[in-house]
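Fold and contact review
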2 protein chains.
Amino acid sequence: LIGEADVVLHDDLVADAVLALASPRAEIANVGKRCGAKSITQAQINARMIECARRNLQVVRLKSGDPGIFGRLAEEVDALEAAGVPFEVIPGITAGAAAAAGLGVSLTDRRASSRVIMVSGHRASNNTTREQPNWKDFARDDATLIIYMPGNNFVLLRAELLAANLDPAMPAVLVSHAASPRERRQSTTLGELHKLLRMESPAVLLIGRSLDRVLRRLNPTDAARAFAEAEILLSSL
Amino acid sequence: LIGEADVVLHDDLVADAVLALASPRAEIANVGKRCGAKSITQAQINARMIECARRNLQVVRLKSGDPGIFGRLAEEVDALEAAGVPFEVIPGITAGAAAAAGLGVSLTDRRASSRVIMVSGHRASNNTTREQPNWKDFARDDATLIIYMPGNNFVLLRAELLAANLDPAMPAVLVSHAASPRERRQSTTLGELHKLLRMESPAVLLIGRSLDRVLRRLNPTDAARAFAEAEILLSSL
């Protein structure tokens, strides 16, 4: 699909290897706007897509992650629909799922975590008037919480999450640049969240019992039981 | 990766086109267990992976969707870690994200939906003693709810979600076989949820204001505003 595009409008985080798939004849433009540096507005991106489509050009609007999860897809779709521009949405691997896979953990666990909650922390934005999540409304010990754009104020975030009655022993892993060569991680618990070091954006913060195995890898006990089960089966084969 | 595998252990839902990527010399086995027909247990799958690994075979355990989201990845990872078998998790597109992309909608919307909640409805299982989600704990009008395995008892599900104070006008879309040639959809509202027709498993049920545009596509009003904005910009270019 990228190879067939006349125009590729991409965000900052798209890997060079992906852009290299574009045709040498294609126009490639970075329309990214990282962390408040609003060099180009959403309305300008919409306008450019529509203008290209009206010139009968095939446009690929390329984002990293999943455009439908904190990717501002809704605004772009609205503009395209209103302009009568046909489009197709191709899903991607969202940063939270990429981070979990990189850690070798499952986001749900029938024994510990029955749901996944993807929420934006918003604090990376300079817009401090923007509404903050009301953690008490949805944060629970039996869910895995994925906080996109968690910001750097881990003292405040810790206080808010503890005030929402989350268990301080809950594992927390901060992943910067998930699934890229620049990926970096810090593992801790919710109670120690304030000790996290500032990491480069984009980052996701994963909190939940499903991450237990990240912390216990040096001392696997539950895992030993699963192993014993498998051993018994193997010896009976 | 699939092409390099000596053994491919896959679930029922993996597309033939994906299995065709395997080497002609590879052993390919379906270890799927759809909807209660437990022809092979999780412990047996674990044992088989470990046994193959001990024979120095390269094993690909292939699932459709994302293994870390209601994919029972946790049990498999536990067994592999305990057995000392090195592994890598490759993320996938989870059914909820695939369904949303197919609908051309965003799961989050800065104007309407600030988070995504992925939860299992469980009712597809014959195990009626299994715990049901406590919707009041997390279902809110400003979230997009993705219910995996929603089952077929939409009368009960509607009653429970309304009892959790969700808005009856909230759009709801049931998607069966997301992102496959067999994909089928039904769109309605939460208040009319009981009128949904039974659909083939696997299915996901999406509920939330972010799906508004699915219902309003015949009568776009919000979209007109975004279009007007884009028009103004275009005329000033």
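Criteria and thresholds
- Residues numbered from 1 in each chain as written.
- Chains lettered and ligands numbered in written order.
- Predicted model: local features only at pLDDT ≥ 70, side-chain atom pairs only at ≥ 80, totals over all residues.
- Heavy atoms only, no water.
- Contact = heavy atoms within 4.5 Å.
- Salt bridge = Lys/Arg side-chain N within 4 Å of Asp/Glu carboxyl O.
- Polar contact = N/O pair within 3.5 Å; in protein donor to acceptor, adjacent residues only side chain to side chain.
- Helix = DSSP H or I, 4+ residues; strand = E, 2+ residues; numbered from the N terminus.
- Nonpolar A, V, L, I, M, F, W, Y, C, P; charged D, E, K, R; others polar.
- Pairing = 2+ DSSP bridges.
- Buried < 20%, exposed > 50% of the residue type's maximum accessible area, 1.4 Å probe, protein only.
- Phe/Tyr/Trp six-rings, centres within 6.5 Å; stacked < 30°, edge-to-face > 60°.

This next bit is on the interface of chain B and chain A. Opposite the 62 residues of chain B that make contact, chain A presents 63 residues. For the pair chain B and chain A, the interface holds 10 salt bridges. Between Asp78 of chain A and Arg216 of chain B there is a salt bridge, with the nearest N and O atoms lying 2.9 Å from each other. Seen at the junction of chain B and chain A, the total is 22 residue pairs in polar contact (both at pLDDT 80 or more). Contributions of two or more residues to the side of chain B that touches chain A are made by α2 (42-54), α3 (73-83), α4 (95-103), β4 (115-120), α6 (212-216) and α7 (222-235) of chain B. Classifying every residue of the side of chain B that touches chain A by side-chain character gives 34 nonpolar, 9 polar and 19 charged. Bridge count for strand β4 (residues 115-120) of chain A against β4 of chain B is 5 bridges, and the pairing is antiparallel. Note on β4 of chain B: the bridge partner recorded for Val116 of chain A is Met118 of chain B.

All names here are of chain B. Along α4, 7 of the 9 residues are buried, which leaves the element largely enclosed by surrounding structure. Within the sequence span of α4, burial applies to Gly96, Ala97, Ala98, Ala99, Ala100, Ala101 and Leu103. Of the surrounding secondary structure, the elements contacted by the buried residues of α4 are β5 (143-148), β6 (171-176), β7 (184-189), β8 (203-207) and α6. One or two residues past the end of α4 sits Gly104, with phi positive at roughly 70°.

Okay, the packing of aromatic side chains next. Residues and elements named next belong to chain B. In total, this model carries 4 aromatic pairs over all chains according to the counting rule given. An angle of 45° between the planes, with centres 5.1 Å apart, marks the rings of Phe70 and Tyr148 as tilted. Within this pair, whereas Phe70 is found in the loop between β3 (59-62) and α3, its partner Tyr148 is found in strand β5, the two being separated by 78 residues in sequence. Centre to centre, the rings of Trp135 and Phe138 are 5.8 Å apart; their planes meet at 55°, and the pair counts as tilted. Each of the two residues, Trp135 as well as Phe138, counts as buried.

Our focus in this paragraph is the pairing of β5 of chain B. All names here are of chain B. The element β5 is extensively covered by neighbouring structure, given that 6 of its 6 residues are classed as buried. Burial of the side chains of β5 extends over both faces: Ala143, Leu145 and Ile147 are buried on one face and Thr144, Ile146 and Tyr148 on the other. Bridging between β4 and β5 involves 6 bridges; their strand directions are parallel. Among the inter-strand pairings, Met118 is bridged to a residue of β5, identified as Ile146.

Below, the discussion takes up unusual backbone geometry. With an omega of 0°, the peptide bond running from Ser201 of chain A to Pro202 of chain A counts as cis. Tracing the chain through its elements places Pro202 of chain A in the loop between β7 (184-189) and β8 (203-207). Unusually for a residue other than glycine, Asn56 of chain A sits at a positive phi of about 60°. Examined against the element boundaries, Asn56 of chain A turns out to sit in the loop between α2 (42-54) and β3 (59-62). Using a relative accessible area of 70% as the deciding quantity, one classes Asn56 of chain A as exposed. In this model, Asn165 of chain B sits at a positive phi of 70°, which is unusual for a non-glycine residue. Tracing the backbone shows Asn165 of chain B in the loop between α5 (154-163) and β6.

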